[in-house]
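# Remarks on the overall topology
Spelled out, the chains give:
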Amino acid sequence: MSKGNRDALLIAAKGGTILVRIGLVIGMIGLGVAMAVSVVDNSIIAEHVKVQIEPASIGDITGGVVLSLFLALISLGLTYDFVTRLAQVIDTVGRGDPFTLENAARLRRMGWLAIIVQVVSLPLAMLATWLESNVEKGSFQLDSDISLTGIGLAIVLFILARVFTRGAEMREELEGTV
Amino acid sequence: MPVFVKLDDLLHARRMTLTELAERIDLTLANLSILKTGKAKAIRFSTLEAICRELDCQPGDLLGYENGEDAEG
């Protein structure tokens, strides 16, 4: 089945996964560098961020920033894994053999990754709120929230994983038919 | 499996090769070989029909059934 190889949607999706992964790697490198700089020399944070409420020292703020960067890094890493599995599923569609147990496992993993990203975004959102309320307004901004779309995506992926499992079973039955 | 395929005997009786039958019924040699060696899980009616047509036989001539317990006893 070579039709899949010429499918414009598959080609666009494959290109998209490559671009997204490049963006994620750049993002992860950026976050890693930012974390390292924040840990090694927090004078940059001290210069740009004014602590608004006295109990929160610049040390606390630095710790909060490093932790939020770390959580964002984990989130990007999980998203990278998600996009990699998606690229692998797209490859199998291109080869004309998508109904395999491997793809079902990939979709299940993608479902769990979508849930874990949501779980990680919860402490990140709490941390962002704490940081924003403790520094001068406008000097720190981080948007993070639990998204219903993300949970919905995970449910759809789990259902699709079951569809692919059944498809793989049917394909196996068909293989022994002459 | 208690159901077995007697394609070898039929081909021998008709003096026909497996390759020739595969060409006549438009099935790959590999698939016909799977059927002959009893490794097939299922057979399509269309395949059965084509084999019966070319070998001039009934489905019962091609397939046999042997109860596992009877065979042991």
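Residues numbered from 1 in each chain as written. Chains lettered and ligands numbered in written order. Predicted model: local features only at pLDDT ≥ 70, side-chain atom pairs only at ≥ 80, totals over all residues. Heavy atoms only, no water.

### Description of the overall build of chain B
Rule in force here: Put simply, DSSP marks the helices as runs of H or I at least four residues long and the strands as runs of E at least two long, and each gets a number from the N terminus on. Atoms considered for the radius of gyration are the C-alpha atoms alone. The globule rule reads 2.2 Å times the number of residues to the power 0.38. Burial classes: relative accessible area under 20% of the type maximum marks a residue as buried, over 50% as exposed, and values in between as partly exposed (1.4 Å probe, protein chains only). Any two residues whose heavy atoms approach within 4.5 Å at even a single point are treated as in contact.
When helices and strands are counted, chain B shows 6 helices and 2 strands. Over its C-alpha atoms chain B spans a radius of gyration of 12 Å, differing by no more than 12% from the 11 Å that the globule rule assigns to 73 residues. Principal-axis analysis of the C-alpha atoms gives chain B an extent of 40 × 25 × 20 Å. Looking at chain B as a whole, 29% of its 73 residues are labelled buried. Across chain B, every contact between residues at least 6 apart in sequence was considered, and the portion connecting residues at least 24 apart equals 61%.

### Notes on the confidence of the model for chain B
Going by this rule: Across the chain, each position has a pLDDT score giving the predictor's confidence in that residue, from 0 to 100.
Predicted confidence across chain B gives a mean pLDDT of 90, with 93% of residues reaching 70 or more. The complex model carries a pTM of 0.72, and its ipTM stands at 0.76.

### Things to note about the interface of chain B and chain A
What counts here: Once two parts are brought into contact, the accessible area they lose, counted with a 1.4 Å probe and summed over both, makes up the buried area. Here, a salt bridge means any side-chain nitrogen of Lys or Arg that lies within 4 Å of a carboxyl oxygen of Asp or Glu.
Chain B puts 9 residues into the contact, and the matching count from chain A is 5 residues. Each partner contributes to the roughly 640 Å² buried at the junction of chain B and chain A, and carbon and sulfur atoms together form 56% of this total. Together, B:K41, B:A42 and B:R44 form the three largest contributors to the area buried by chain B at its contact with chain A, with a combined 65%. Residue A:E172 is joined to B:K41 by a salt bridge in which the shortest nitrogen-to-oxygen separation is 3.9 Å.

### Looking at the packing of aromatic side chains
Residue and element names in this part refer to chain A. Put simply, the rule is: The rule is short: rings of Phe, Tyr and Trp, with Trp giving its six-membered ring, pair when the centres are within 6.5 Å, and they are stacked under 30 degrees, edge-to-face over 60, tilted in between.
Within this structure, the stated rule accounts for 2 aromatic pairs over all chains. When the ring of W112 is compared with that of F158, the centres are 5.2 Å apart and the planes differ by 65 degrees; the resulting orientation is edge-to-face. You can see W112 sitting in helix α5 (residues 101–134) and its partner F158 sitting in helix α6 (residues 148–175), a full 46 residues away along the chain.

### Quick look at the packing of helix α4 (residues 58–94) of chain A against α5(A)
All names here are of chain A. Where we set the bar: The angle between two axes is taken between their N-to-C directions and runs from 0 to 180 degrees, where each axis is a line fitted to C-alpha atoms and a helix contributes only its stretch in contact. For classification purposes, angles smaller than 35 degrees are called roughly parallel, those larger than 145 roughly antiparallel, those between 65 and 115 roughly perpendicular, and all remaining angles oblique. Here a crossing is called left-handed whenever its near helix is offset anticlockwise from the far helix by less than a right angle, and right-handed whenever the offset is clockwise. In this classification, the charged set is Asp, Glu, Lys and Arg, the nonpolar set is Ala, Val, Leu, Ile, Met, Phe, Trp, Tyr, Cys and Pro, and all remaining amino acids, among them Gly, are polar.
The N-to-C vectors of α4 and α5 enclose an angle of 160 degrees; their axes lie 9 Å apart at closest approach. As the angle between them shows, α4 and α5 are arranged roughly antiparallel. Pair α4 / α5 crosses with left-handed handedness. In terms of residue class, the contact of α4 with α5 is built from 21 nonpolar, 8 polar and 5 charged.

### Looking at the pattern of salt bridges
Two side chains that carry opposite charge are able to pair once their charged atoms sit near each other. For the coordinates displayed, the defined rule picks out 11 salt bridges over all chains. A salt bridge links A:R171 to A:E175, with the nearest nitrogen and oxygen atoms 3.5 Å apart. Of this pair, A:R171 and A:E175 both sit in helix α6, 4 residues apart, roughly one helical turn. Note that B:K36 is salt-bridged to B:D8, the shortest N-O span being 3.8 Å. With B:K36 in helix α3 (residues 29–36) and B:D8 in helix α1 (residues 7–14), this pair connects stretches of sequence that are 28 residues apart.

### Side note on the environment of A:G63
All names here are of chain A. Here G63 shows up in helix α4. According to the relative accessible area criterion, G63 is partly exposed, its value standing at 40%. C-alpha separation for the pair G63 and V39, spaced 24 residues apart in sequence, amounts to 8.2 Å.

### Examining the environment of A:V25
Residues and elements named next belong to chain A. Take V25: it is sitting in helix α2 (residues 8–40). Note on V25: relative accessible area 33%, which makes it partly exposed. As for V25 and L73, which are separated by 48 residues in sequence, their C-alpha atoms are 10.0 Å apart.

### Topic: the state of the cysteines
Residues and elements named next belong to chain B. So the rule is basically this: Disulfides are defined in this document as cysteine sulfur pairs within 2.5 Å.
Going through the model one piece at a time under the given rule, you end up with 0 disulfides over all chains. Lacking any disulfide linkage, C52 is separated from the closest cysteine sulfur, that of C57, by 4.1 Å. Since its relative accessible area comes to 11%, C52 is described here as buried.

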